[in-house]
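Here is what each chain is made of, one letter per residue.
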Amino acid sequence: MRITNKIMQNNSLYNINNNKVTEDQLNTMMPTGKKITRPSDDPVIAIRALRLRSNVTQLSQYYEKNAKDAESWLQVTADALSTITDVLTDCVKQATKGANKDLTLDDLDTIITQMDALAQEYYSTGNVDYAGRYVFTGYRTDTALTYDKTTTASYTDINDEFGAGNIAESSRVVGKYKLENAQILDSSVSATLENEIVEKTVGRLRLSYDNLDYVEGDGKSAVLKYRETLGQPATSSVTTSMNSASLTFKDELGVTHYAAIPLNETAKDDFTITSSLDNMIYSSSRNSDGTYTITGQNTETNSSYKLTMAADGTLLTKSANVDSAITSLESTQVSTITYTNPEGTTPKVVKVPLLPAIDQSYTIGLTDDGYTATVNSDGTYTVTNNSKIENSDGSFSNEIIQVTGNGSVYCSYVETSITIDSDHMIYKTSTEEDLDEAYNDLGRNPDGALAYLNASTGEVLLNDYLKEKLSTLPDIINAKSIDMVYDKKEWAKGDIRPENLFACEYTDENQRQILYNKGTAGHGIAYDVGFAQSVVVNTTADAVFTTNVKRDVGDLKDKLSQLKNMSTTLKTLNERLESAQDEETKAKINSQISSAQKAYDFMREDIQKEFEHKITSMQKSLDTANVAVTDNGTRSKRLDLISTRLMSQTTTFKTLQSENEDIDLAEAATQLTTAQVTYEASLMATGKISQTSLMNYI
């Protein structure tokens, strides 16, 4: 091959340029510290860099932000729980001290005053917040746990739930009202005999609140429910599906309605949807051409709305009073529930379409006779057999199945309801004589379901049958065995807002009804702290707080007040005895003193027993708080382990990222020096080649 000077010069120039490019690349790497400046420099490094940067960004979010925020939330909760356990420990000590029968009334007054202050601190601690978010109120982080002042707020259908262990006794000294000062100072009133002072004991269920919203003459009633196991607990399977229509339409008044409606495919299908919040009832029917007619009936205005939908969900026609509408076809899973009631041996089967939650709640009228399914706002379902069994004592029973959002059974039971009407209600305006009569009535009628509601003190008084029945109820999986449903309107400072503990309904100032906790889903706030890893950071109020602390102190206050009154009565009678002149008056006063002393002894014994009960009650509250402390600590420990792992992962991925993208400065400096020397050498060699020509050899 013939090599000319021109070829040698061109090759030299090409090599010079390559050396210059290499030197330029190294010159760029030195100030940037990166191996590449654009993806085209090295596609492999570029692709790996994108993946590693994404991993590092996610890990930084988890470790530096989410985990730190979760740790702070858990620490705030831990501090609050520590205060709560300290307060409850002191309450137990004070209750133990008060159980001493040798204490004077002043001693008891001091102890109860201290317990009252501790109770206020207990509930005040429940309002602790983290970064403006209340930590014990679940998803309602903008709402405090308790009321900060006396308030009027209308809550109805408060579902106050209990276990069999909450059934206790209530003792009353019947006839003690005859020993009031006004009575004993009236000379025309005959002396109260000692045998007229009798202690009556009945069953008692103390509610979470007192001062309930019942006024004499309003005709309102309350409902006492108790639950028992089914003959065979309910089971479920989700193996089939059905079509449903998703509907949004605006009526002639401009009101927008939303509904999910099961499509009735055959004449046997009879699904309906009832939405009580917008007063609508929906149904559907299949036409002979394969289209569907959806009908909505407004129960308040009696207006009817009709829409026709194609088999693929496309809206075809709408009635004139429908301003606009959107329809679509959805595939809905069906949960098949099977159970046996306590009397029967043949299993019952109920099919429930798992429709989505819309707004607060709505009810599905199922094809199975007598059954409805309420779709709760949290996406769970309550299936009810409305074919009630009427019992001989005036109560009625039906079957309830609670279903989770995925169609599995959460719990199932038979629920018996006892209506407490106005004839069996004790009001604020009721007299002491009315209270005596309620206790006497319960004593005279030990059989059958008989109960009184004391709306003033928040107590349900039970006869022997109900006391025995409720106190021996079996435990039910995922449900309490007793439920008292009542209304309350007036709230004192420190009262726990009922939506933080119970299912209830609230009517706001615009008369809009809001449903709370109408389902079985929890209020856990979870933080994502790793790949497919999350930690629940909040502790809900029902896991820590109870209304028992305030109610316990209130019970002691009431009993001490009555005891003080009786002590005052005794003092008054003794003073009258000293000033009495005739024997007849002295005999009458002595009779009253004997009666008052008997009542005082009953009441002193009763408050001593009450303190003993409060030791157990306060200890239960303390045990509940300790469980919450343990649970919070467990989650904190798990978060610590995750944080340690995140720190290690972050370090590892940042190292990989650096190794992939960053240059070794020492190596790069050496390479740059080498490139510069090579470049200069290539220039010298090319210069010599350029000076040589053919004439040098002639």
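Predicted, not measured: the structure shown is a model, and the values here were computed from it. (Residues numbered from 1 in each chain as written. Predicted model: local features only at pLDDT ≥ 70, side-chain atom pairs only at ≥ 80, totals over all residues. Heavy atoms only, no water.)

**As for the overall build of the chain**
Applicable threshold: Helix and strand assignments follow DSSP, with helices taken as H or I runs no shorter than four residues and strands as E runs no shorter than two, numbered in order from the N terminus. Radius of gyration here is computed from C-alpha atoms only, and the compact-globule reference equals 2.2 Å multiplied by the residue count raised to the power 0.38. The classification of residues rests on relative accessible area computed with a 1.4 Å probe and restricted to protein chains. Under 20% of the type maximum is buried, over 50% is exposed, and intermediate values are partly exposed. Working rule for contacts: check all heavy atoms of both residues, and any pair within 4.5 Å makes them a contact.
What the chain contains, in helices and strands, is nine helices and 29 strands. For the chain, the C-alpha radius of gyration of 39 Å lies well beyond 26 Å, the compact-globule estimate for 698 residues. Structurally, the chain occupies a C-alpha span of about 170 × 75 × 50 Å along its principal axes. Taken over 698 residues, the chain has a buried fraction of 44%. The long-range share in the chain, meaning contacts at least 24 apart out of those at least 6 apart in sequence, stands at 66%.

**As for the side chain of Asn-398**
Relative to the elements of secondary structure, Asn-398 occurs in strand β20 (residues 396-403). A residue is classified by how much of its surface remains accessible, and Asn-398, at 8% relative accessible area, is buried. Leave out the neighbours within four places in its chain, and Asn-398 touches Thr-384, Asn-385, Lys-388, Tyr-413, Val-414 and Glu-415.

**Topic: the sheet that holds strand β24 (residues 459-462)**
In a beta sheet, neighbouring strands are held together by backbone hydrogen bonds and run either parallel or antiparallel to one another. The line we're drawing: Pairing between two strands requires that DSSP report at least two bridges joining them. Axis angles are defined between N-to-C directions and span 0 to 180 degrees, where every axis is a line fitted to C-alpha atoms and, for a helix, only to the segment in contact.
If you trace the five strands from one edge of the open sheet to the other, you get β4-β5-β24-β23-β22, paired in mixed fashion. Each end of this open sheet is capped by a strand with a single partner; those strands are β4 (168-174) and β22 (425-426). Of the pairings in the sheet, the one linking β22 to strand β23 (residues 451-454) comprises two bridges and is parallel in character. Counted as the bridge partner of Ile-426 is Asn-454 from β23. Across the sheet, helix α8 (residues 583-661) lies against β4 and β5 (198-206), angled at about 165° from β4, the strand it touches most.

**Things to note about the packing of helix α2 (residues 43-98) against helix α3 (residues 105-125)**
For the record, the criterion: Angles below 35 degrees are treated as roughly parallel, those above 145 as roughly antiparallel, those between 65 and 115 as roughly perpendicular, and all remaining angles as oblique. Here is the rule for handedness: rotate from the far helix to the near one, and if that takes an anticlockwise turn smaller than a right angle the crossing is left-handed, while a clockwise turn gives right-handed. Each residue is assigned to one class: nonpolar for Ala, Val, Leu, Ile, Met, Phe, Trp, Tyr, Cys and Pro, charged for Asp, Glu, Lys and Arg, and polar for all the others, Gly among them.
Packing of α2 against α3 leaves a shortest axis separation of 9 Å and a crossing angle of 165°. Relative to α3, the element α2 is oriented roughly antiparallel. Seen along the crossing, α2 lies across α3 with a hand that is left-handed. Between α2, through Ala-80, Thr-83, Ile-84, Val-87, Leu-88, Asp-90, Cys-91, Gln-94, Ala-95, Lys-97 and Gly-98, and α3, the contact on the second element is made entirely by Leu-108, Ile-111, Gln-114, Met-115, Leu-118, Glu-121, Tyr-122 and Thr-125. A class-by-class count of the residues in the contact of α2 with α3 yields eleven nonpolar, five polar and three charged.

**A look at the environment of Asn-10**
Locating Asn-10 in the fold gives a position in helix α1 (residues 5-32). In this structure, the C-alpha to C-alpha distance between Asn-10 and Thr-686, residues 676 residues apart in sequence, is 9.5 Å.

**Considering the environment of Leu-103**
On the secondary structure map, Leu-103 appears in the loop between α2 and α3. We classify Leu-103 as buried; its relative accessible area is 18%. Separated by 119 residues in the primary sequence, Leu-103 and Ala-222 have C-alpha atoms spaced 40 Å apart. Ignoring sequence-local partners within four residues, the contact set of Leu-103 consists of Lys-97, Gly-98, Leu-108, Ile-111 and Arg-604.

**A closer look at the sheet that holds strand β7 (residues 232-251)**
In spatial order, the strands read β8-β7-β14-β15; together these four strands make up an open sheet with antiparallel pairing. The sheet terminates laterally at β8 (256-262) and β15 (348-353), the two strands that pair on one side only. The sheet shows a mean angle of 25° between the axes of neighbouring strands, taken without regard to direction. Pairing of β7 with strand β14 (residues 322-340), which is carried by 17 bridges, proceeds in the antiparallel orientation. Within the sheet, the bridge partner assigned to Leu-247 lies in β14 and is Thr-327.

**Structural notes on α2**
We count it as follows: An expected span of 1.5 Å times one less than the residue number is assigned to each helix. Bend is the name given here to the angle between axes fitted to two runs of seven residues, the run ending at a residue and the run starting at it.
Along its 56 residues, α2 runs 80 Å from first to last C-alpha, staying within 8% of the 82 Å computed at 1.5 Å per residue. Asn-66 marks the point of greatest bend in α2, at about 30°.

**Here we look at the packing of aromatic side chains**
Heads up, the condition is: Stacked, tilted and edge-to-face pairs are distinguished by plane angle, under 30 degrees for stacked and over 60 for edge-to-face with tilted covering the rest, among Phe, Tyr and Trp rings (Trp via its six-membered ring) whose centres lie within 6.5 Å. Two conditions define a charge located above a ring, namely a distance within 6 Å from the ring centre to NZ of Lys or CZ of Arg, and an angle within 35 degrees of the ring normal.
Applying the stated criterion across every chain yields a total of eleven aromatic pairs. Measuring from centroid to centroid gives 5.0 Å for Tyr-209 and Trp-491, while their planes differ by 90°, and the two rings are edge-to-face. On the criterion of sequence distance, the pair formed by Tyr-209 in the loop between β5 and β6 (222-228) and Trp-491 in strand β25 (residues 482-491) is long-range, its members being 282 residues apart. Trp-491 matches Tyr-209 in its accessibility class, with the two residues each being buried. By the ring-pair criterion, three or more aromatic residues cluster together here, those being Tyr-147, Tyr-155, Tyr-209, Trp-491, Phe-502 and Tyr-506. The ring of Tyr-214 has Lys-220 sitting right over it, with the charged end atom 5.0 Å from the ring centre.

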